[in-house]
Protein chains: 2
Amino acid sequence: MRAKASHLSGHPTLAVGSWVGERRALTAVARGAAPADRYIQDGTLLNVYTGECYPANVAIKGERIAYVGGRADMVGARTEVIPARGRILCPGYIEPHSHPWNLVTPAVLARHVLPLGTTTIFADNLPVYELAGPRGFEAATRALTRLPLRFYWMVRVHAQSRSTGEARRFPAGTLARLIDNPRVAAVGEITRWPELLEGDRRLLDRLALAAVRRKRIEGHTAGASAEKLQGLAAAGIASCHEPITAQEVLDRARAGIAVMLRQSSLRPDLKALFGALKEAPGLAARLMLTTDGSSPAFVAEHGFVDHLVRLAMAEGVPSVEAYRMVTLNPATYYGLDHEIGGIAPGRFADIVFLRDLSEPTPERVIARGRLVAEGGRLVAKIPEPPWRRIFSGPAARFAPGLRLAPEDFGLLSGRRKPVLRLVSAVITRLEERPAAEGDLLAALVDRRGRWICRGIVAGFARDLHGLATTLSTDFQILVLGRDPRAMAQAVNRLPAVKGGLVVVERGRVIYELALPLGGIMAAASLPDLAARERELLDLLKARGYAYHDPLFTCLFLTADFLPEVRLTARGVWDVKHRRVLSPSRPLARGGRRG
Amino acid sequence: MRAKASHLSGHPTLAVGSWVGERRALTAVARGAAPADRYIQDGTLLNVYTGECYPANVAIKGERIAYVGGRADMVGARTEVIPARGRILCPGYIEPHSHPWNLVTPAVLARHVLPLGTTTIFADNLPVYELAGPRGFEAATRALTRLPLRFYWMVRVHAQSRSTGEARRFPAGTLARLIDNPRVAAVGEITRWPELLEGDRRLLDRLALAAVRRKRIEGHTAGASAEKLQGLAAAGIASCHEPITAQEVLDRARAGIAVMLRQSSLRPDLKALFGALKEAPGLAARLMLTTDGSSPAFVAEHGFVDHLVRLAMAEGVPSVEAYRMVTLNPATYYGLDHEIGGIAPGRFADIVFLRDLSEPTPERVIARGRLVAEGGRLVAKIPEPPWRRIFSGPAARFAPGLRLAPEDFGLLSGRRKPVLRLVSAVITRLEERPAAEGDLLAALVDRRGRWICRGIVAGFARDLHGLATTLSTDFQILVLGRDPRAMAQAVNRLPAVKGGLVVVERGRVIYELALPLGGIMAAASLPDLAARERELLDLLKARGYAYHDPLFTCLFLTADFLPEVRLTARGVWDVKHRRVLSPSRPLARGGRRG
């Protein structure tokens, strides 16, 4: 408990004490003067530092590795001996850029991916930060330190989409306190890169908080040209996970920006990205792989970081290099290679047992020194953080009596209406024209009932009557449909289930996904949520949805950093020209009482 | 000046402000909205991130790179255009482990090695810390930030050799303050590794100060077996530069300890060390190269980091990998790859111009944005720190009236005397026997005149009459000779020249190297000091010295971390058994008045 307490508090005296205590215990085991807690016998070590494989035993004390080698004098009467003959011991996999709040909770995700070998996740903090406030986020991270899967955090310094009150929600003092936390590895992802290029002082002020604390600045440079990347590197951007072509990988790597190659539910581009290695094989030593914000259905079907390793080897990446991309490379990138990413003394005992390097799905997984999975089955207890308490603040709450009427969704006046035309699952083009056949009415509604932003969406699902969801980038309520009555009924159902996604047709709720934790997550199992996700996809496809990821479509209809037009708190937003096309208006009913 | 001030003070508000100002200036140049200060035109870029070479221009603003690419819209009327057609642009070389106080001052070293392409040095702080105190060290580092060569510091947490008062000289609070300095990259080198293996709490307490601040812990694991290295890695040791065989390189790398391959005046082992790459080619991505504490004569003859690159390529290391070992790899190891080690926007503009990758001696060198060398000639001003003021404290002073007599060096009583038998330039074996033909009388004398430690040295230079020097690991006075009168005369000459090395024969000073800066350095040029060093070697060889590095022999006769017996403040010291063989005794004359 001491070590944990110090990690959280960041109090130097405490931290020094627990560090020393741990090192004394480890060195005692290493010199054979104290028994190991566990002893992995007769394994074959994948040494990511040298790229070799050779026979070794691994002694564990507490959460860490104390010894690797041939001796056994640290095996005592109470040492648990774990046989590993014929098994390759590989460091636990590291996910360097994840959004572990995609329907599942971080704990639910951990339960699913620990048996698949992932033992460390660098995670975005935004949803819990926004919905539970900084103290809520800190309470969540504190609770999550009890998990055998180790979370490090990337702290956002601005909201996903612009709204009034943002400066108040992201004050420098609070951010500095968060960044000081030893579990915070970086700030970012910085989606507002055009402002960075312009040298925006307020944004740079926030990045400097990380720079002076020697933490990374995570980029999100989607669509930036090789020329613009120069300015982004100059502004301090250290990494990017957004390349969607081999050329974009090269553009970023050449500018000194570390690249995370992505295979996600939304962007399964990995195969193409490895093309960059054909042109620049020397790049391999710095590459990382990521699943980004993959949905439960995608993870349930393909796996997690193990899937990335499999794809890399299928693309001809030599196996040792593929494993380095998910172990040593991300550990080194984040300046944590003394803690994670390799099997060596002093590191956390995060070890996966493989039958063969060609098969990254492990037979057994040890995380933070304990056996957590066996034959694909979780054997460790993974407690949920106290979410109810964490989400008890105002941001996650609905206005009491929030109740919309069909009239709230009626057509906008005027001939030239702002239409968001979907041209992919997430990219929109702006059309300014009268409403037409197949268009859907669209709205973004404040959870607190204070305002509504209305527009038109084309190319989503023409036969959808009414859908409402709290899955939006700023956690307000997105409403879509052809039938204002169905839309109102869908919105009005949400408070009862504490948020989620509801579809209404002809007066009947035909789909309901309750996400009672902040309106974004449920504590169900990942396969269960994956099934609900597939059900939604089928339902929407039957109503005309043409893409593969309706959750991200909904989420990003409000994301003002993606081309070309979005629904935001301020109104329908022209991203490129940064202007409101049609302003939000106050909501008379329901809201102001909240 | 703002940026410099903040680097020194470590004051977050100041640091944030200067970081932001710098980024705004850089991004303005990158987008073509402001002129660059300098523009390197038509070069061929060695991109260490991708391992590629391709044509590029580099725009510089202030001390940093603002842009790399094909555009020229940041070239203004006052932009200095530097032609680079046909030249390879390579990042400035990084020395990851140096003792820049070997007769020369750091500034003298900088003057010599900048024209050879080295633009960053990670340097040991011990001599100035011990001789000038923490405030003196801080004053020196502050003055050195004005140099175009960038010094980062490794802070020692214990003395080189044991003495009373050590705990008082290395208090935790002071060390914590030093480690907080952004220019301090690590603690170490930790020569007392046997204590680490034993889990020594006082030593671990000091290392923890670095660990909790995310700074590296530099090792010095000379002679540690593969088994013992496990315990050292467990104790937090992050690197070692001490391997002298390929097997020792592999032992350390396999234990997760980063390796710096060394070619120094004392240990020119580099050729053999590259043998490790034959067994484990995958290790190349993490290797670094170092000159360690090379003497002026060695640097004058062979070069500095450029020499290491040349040797690496001669041993068959592919050129891009060789350059990475002295640029990107050390930058990454120290968590400073966003600052140094590559030519990309945001990094310091440290750029060497090469005719060809096969020739690492540069034609031109830019450091911190300015041309500092051209055709091997220094063109920048390199100011000396105010050494007189820095060394004005008590530690560097001699006792007023310090005066030894021949009787002070008379033979020890008793038949079995502790004899330090040199078996190489620095390694000794213990012989306990009567004095014999060819032995030298030996003593270590406190500068403040309080004590003397006496012993016998065999195998140094049998015809040496009297030598005295302040070049000893704890900065006291080492005295060697066969003639007590010559020895006393040599010691008594030292205060007049403020320290250095004096040789006396038949009543005459036959060699005198004045090192008035703390008794360890002179502000002469490196070639001049190299000539004085060669002169001493010739003189000692003529008197029977059989090795290649008499300065290190003298320095290390007092180093209680090397086998097998040493002269120390406490007395003649048995290293392995950690016991005094013959205690020091108080000095009656000269001392107590000081």
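Note that the structure is predicted; figures quoted are calculated from it, not measured.

Student: So what exactly am I meant to see when it comes to the overall build of chain A here?
Tutor: On a plain count of helices and strands, chain A comes out with 20 helices and 29 strands. A compact globule built from 594 residues would reach a C-alpha radius of gyration of about 25 Å, and chain A, at 25 Å, matches this within 12%. Based on the C-alpha atoms only, the size of chain A along its principal axes is roughly 80 × 50 × 45 Å. Put simply, chain A has 594 residues, and 65% of those count as buried.

Student: I tried to follow the interface of chain A and chain B on my own but got confused; where do I start?
Tutor: You'll often see interface size given as the accessible area lost when the parts meet. Counting residues at the interface gives 63 residues for chain A and 63 residues for chain B. Interface area for chain A against chain B, summed over the two sides, is near 5,500 Å², with a carbon-plus-sulfur share of 54%. Inspection of the region where chain A meets chain B yields 8 salt bridges. Note that Arg71(A) is salt-bridged to Glu227(B), the shortest N-O span being 2.7 Å. Remark: the boundary between chain A and chain B carries 23 residue pairs in polar contact (both at pLDDT 80 or more). Take the side of chain A that touches chain B: its biggest share by element is 9 residues, from helix 2 (residues 12-30) of chain A. Considered class by class, the residues forming the side of chain A that touches chain B number 33 nonpolar, 12 polar and 18 charged.

Student: Just to check I follow, could you spell out the sheet that holds strand 26 (residues 565-568) of chain B for this structure?
Tutor: Through backbone hydrogen bonds, the strands of a sheet pair up, either in parallel or in antiparallel fashion. Residues and elements named next belong to chain B. Here we have 3 strands laid out as an open sheet, ordered 26-27-28, and antiparallel in their pairing. Edge positions in the sheet fall to strand 26 and strand 28 (579-583), since each of these pairs with one other strand and no more. The sheet shows a mean angle of 30 degrees between the axes of neighbouring strands, direction not considered.

Student: Looking at this structure, I do not really get the pairing of strand 25 (residues 508-514) of chain A. What am I missing?
Tutor: Looking down a regular strand, the side chains alternate between one sheet face and the other. All names here are of chain A. As judged from the 6 bridges shared by strand 24 (residues 500-505) and strand 25, these two strands associate in the antiparallel manner. Note on strand 25: the bridge partner recorded for Val503 is Tyr511. What sits between strand 24 and strand 25 in their antiparallel hairpin is a turn of 2 residues, with Arg506 showing a positive phi close to 45 degrees.

Student: What should I look at first to understand the pairing of strand 23 (residues 477-481) of chain B in this one?
Tutor: Residues and elements named next belong to chain B. Burial of strand 23 is extensive: 5 of the 5 residues sit out of reach of the surface. By the bridge criterion, 5 bridges tie strand 20 (residues 440-445) to strand 23 in an arrangement that is antiparallel. Residue pairing in the sheet places Leu441 in a bridge with Gly481 of strand 23. As judged from the 3 bridges shared by strand 22 (residues 466-469) and strand 23, these two strands associate in the antiparallel manner. Following the sheet pairing, Leu467 is matched in strand 23 by Leu480.

Student: Would you mind going over the relation of the copies chain A and chain B with me for this structure?
Tutor: In the superposition of chain A on chain B (RMSD 0.0 Å, axial shift 0.0 Å), the rotation amounts to 180 degrees. Each copy turns onto its partner about a two-fold axis. A shared interface surface links the copies, since 100% of the contact residues of chain A are contact residues in chain B too.

Student: Looking at this structure, I do not really get the sheet that holds strand 26 (residues 565-568) of chain A. What am I missing?
Tutor: Residues and elements named next belong to chain A. Taken together, the 3 strands give an open sheet; going across it, the order is 26-27-28, and neighbouring strands pair in antiparallel fashion. The sheet is open, and its two edges are formed by strand 26 and strand 28 (579-583), each paired on a single side. Pairwise comparison of adjacent strand axes, ignoring direction, gives a mean angle of 30 degrees for this sheet. Across 4 bridges, the pairing between strand 27 (residues 571-574) and strand 28 is antiparallel. Of the residues in strand 28, the one forming a bridge with Gly571 is Pro583.

Student: Could you clarify how one ought to interpret the pattern of salt bridges in this entry?
Tutor: For side chains of opposite charge, pairing can occur when their charged atoms come near one another. Residue and element names in this part refer to chain B. Inspection of every chain in the model, using the stated rule, returns 91 salt bridges over all chains. With a shortest N-O distance of 3.6 Å, Arg111 and Glu384 are connected by a salt bridge. Note that Arg111 is positioned in helix 3 (residues 106-113) and Glu384 in the loop between strand 17 (377-378) and helix 17 (387-390), a separation of 273 residues in sequence. The salt bridge involving Glu431 is made with Arg433; its shortest N-O contact spans 2.8 Å. The class for Glu431 is partly exposed, based on a relative accessible area of 22%.

Student: Is there a simple way to think about the side chain of Gln160(A) in this case?
Tutor: Residue and element names in this part refer to chain A. Relative to the helices and strands, Gln160 is located in the loop between strand 8 (150-155) and helix 5 (166-169). Taking relative accessible area as the criterion, Gln160 reaches 10% and is therefore assigned buried. A polar atom in the side chain of Gln160 sits 3.0 Å from the side chain of Arg156. Among all residues touching Gln160, those that are not within four sequence positions of it are Leu126, Thr191, Thr473, Asp474, Asp560 and Phe561.

Student: Please explain the side chain of Thr470(A) as it appears in this structure.
Tutor: Residue and element names in this part refer to chain A. Along the chain, Thr470 falls in the loop between strand 22 (466-469) and strand 23 (477-481). Separated by 2.8 Å, the side chain of Thr470 and the backbone nitrogen of Gly500 make a polar contact. The residues contacting Thr470, other than those within four sequence positions of it, are Phe398, Arg447, Phe475, Gln476, Ile477, Leu494, Gly499, Gly500, Gly519 and Ile520.

Student: Is there a simple way to explain helix 10 (residues 246-254) of chain A in this structure?
Tutor: An α-helical segment advances 3.6 residues per turn. Residues three or four places apart therefore align on the same side. All names here are of chain A. Counting buried positions along helix 10 gives 7 out of 9 residues, so the element sits mostly inside the fold. Among the residues of helix 10, those classed as buried are Glu248, Val249, Leu250, Asp251, Arg252, Ala253 and Arg254. One or two positions beyond helix 10, positive phi appears at Gly256, with a value near 80 degrees.

Student: What should I look at first to understand unusual backbone geometry in this one?
Tutor: Residues and elements named next belong to chain B. For the peptide bond that leads from Gly188 to Glu189, omega is -5 degrees, which places it in the cis range. One can find Glu189 in strand 9 (residues 184-190). Following Pro563, the chain continues to Glu564 via a peptide bond in cis, the omega torsion being 10 degrees. Examined against the element boundaries, Glu564 turns out to sit in the loop between helix 20 (550-556) and strand 26. Positive phi, normally seen in glycine, also occurs at Arg506, with a value near 45 degrees. Position of Arg506 relative to the elements: it lies in the loop between strand 24 (500-505) and strand 25 (508-514). By relative accessible area, which is 67% here, Arg506 ends up exposed.

Student: When you look at the confidence of the model for chain A in this model, what are you seeing that I'm missing?
Tutor: Predicted coordinates in areas of low pLDDT are best not read in detail. All names here are of chain A. Taken residue by residue, chain A gives an average pLDDT of 94. The fraction at 70 or more is 97%. Predicted confidence for residues 1-10 stays below pLDDT 50, and this span has 17 contacts to residues more than four positions away or in other chains. This stretch, residues 590-594, has a pLDDT under 50; its non-local contacts, to residues over four places away or in other chains, come to 17 contacts. Among the prediction metrics, the complex's ipTM stands at 0.95, with pTM recorded as 0.96.

Student: Help me out: how do you make sense of the packing of helix 4 (residues 126-144) of chain B against helix 6 (residues 172-180) of chain B in this one?
Tutor: All names here are of chain B. Interaxial distance between helix 4 and helix 6 falls to 11 Å at its minimum, and their mutual angle equals 60 degrees. As far as their axial angle goes, helix 6 and helix 4 are oblique. Where helix 4 crosses over helix 6, the handedness of that crossing is left-handed. In contact with Tyr129, Pro134, Arg135, Phe137 and Glu138 of helix 4, helix 6 contributes Thr174, Leu175, Arg177 and Leu178. Grouping the constituent residues of the contact of helix 4 with helix 6 by class yields 5 nonpolar, 1 polar and 3 charged.

Student: Would you explain the packing of aromatic side chains in this entry?
Tutor: A ring pair, where both rings are aromatic, is described by two values, the distance of the centres and the angle of the planes. Inspection of the entire model under this criterion finds 28 aromatic pairs over all chains. With a centroid separation of 6.2 Å and 40 degrees between ring planes, the pair formed by Tyr93(B) and Tyr323(B) is classed as tilted. Taken together, the residues span a long stretch of sequence, with Tyr93(B) in strand 6 (residues 93-98) and Tyr323(B) in helix 15 (residues 319-325) at a distance of 230 residues. By relative accessible area, Tyr93(B) is classed as buried at 0%. Take Tyr323(B): its relative accessible area is 0%, and that puts it in the buried class. Taken together, Trp101(A), Phe137(A), Phe151(A), Trp153(A), Trp387(A) and Phe391(A) form an aromatic cluster joined through their ring pairs. Taking the ring centre of Phe353(A) as reference, the NZ or CZ of Arg364(A) above it sits at 5.7 Å. One cation-aromatic arrangement involves Arg447(A) over Phe398(A); the distance from NZ or CZ to the ring centre is 5.3 Å.

Scoring rules and cut-offs
Residues numbered from 1 in each chain as written. Chains lettered and ligands numbered in written order. Predicted model: local features only at pLDDT ≥ 70, side-chain atom pairs only at ≥ 80, totals over all residues. Heavy atoms only, no water. Helix = DSSP H or I, 4+ residues; strand = E, 2+ residues; numbered from the N terminus. Rg over C-alpha atoms; globule rule 2.2 N^0.38 Å. Buried < 20%, exposed > 50% of the residue type's maximum accessible area, 1.4 Å probe, protein only. Contact = heavy atoms within 4.5 Å. Buried area = accessible area lost by both parts, 1.4 Å probe. Salt bridge = Lys/Arg side-chain N within 4 Å of Asp/Glu carboxyl O. Polar contact = N/O pair within 3.5 Å; in protein donor to acceptor, adjacent residues only side chain to side chain. Nonpolar A, V, L, I, M, F, W, Y, C, P; charged D, E, K, R; others polar. Pairing = 2+ DSSP bridges. Axes fitted to C-alpha atoms, helices over the stretch in contact; angles between N-to-C directions. Least-squares fit on C-alpha atoms with pLDDT ≥ 70 in both. pLDDT = per-residue confidence, 0-100. Parallel < 35°, antiparallel > 145°, perpendicular 65-115°, else oblique. Left-handed = near helix turned anticlockwise from the far one by under 90°. Phe/Tyr/Trp six-rings, centres within 6.5 Å; stacked < 30°, edge-to-face > 60°. Lys NZ or Arg CZ within 6 Å of the ring centre and 35° of its normal.

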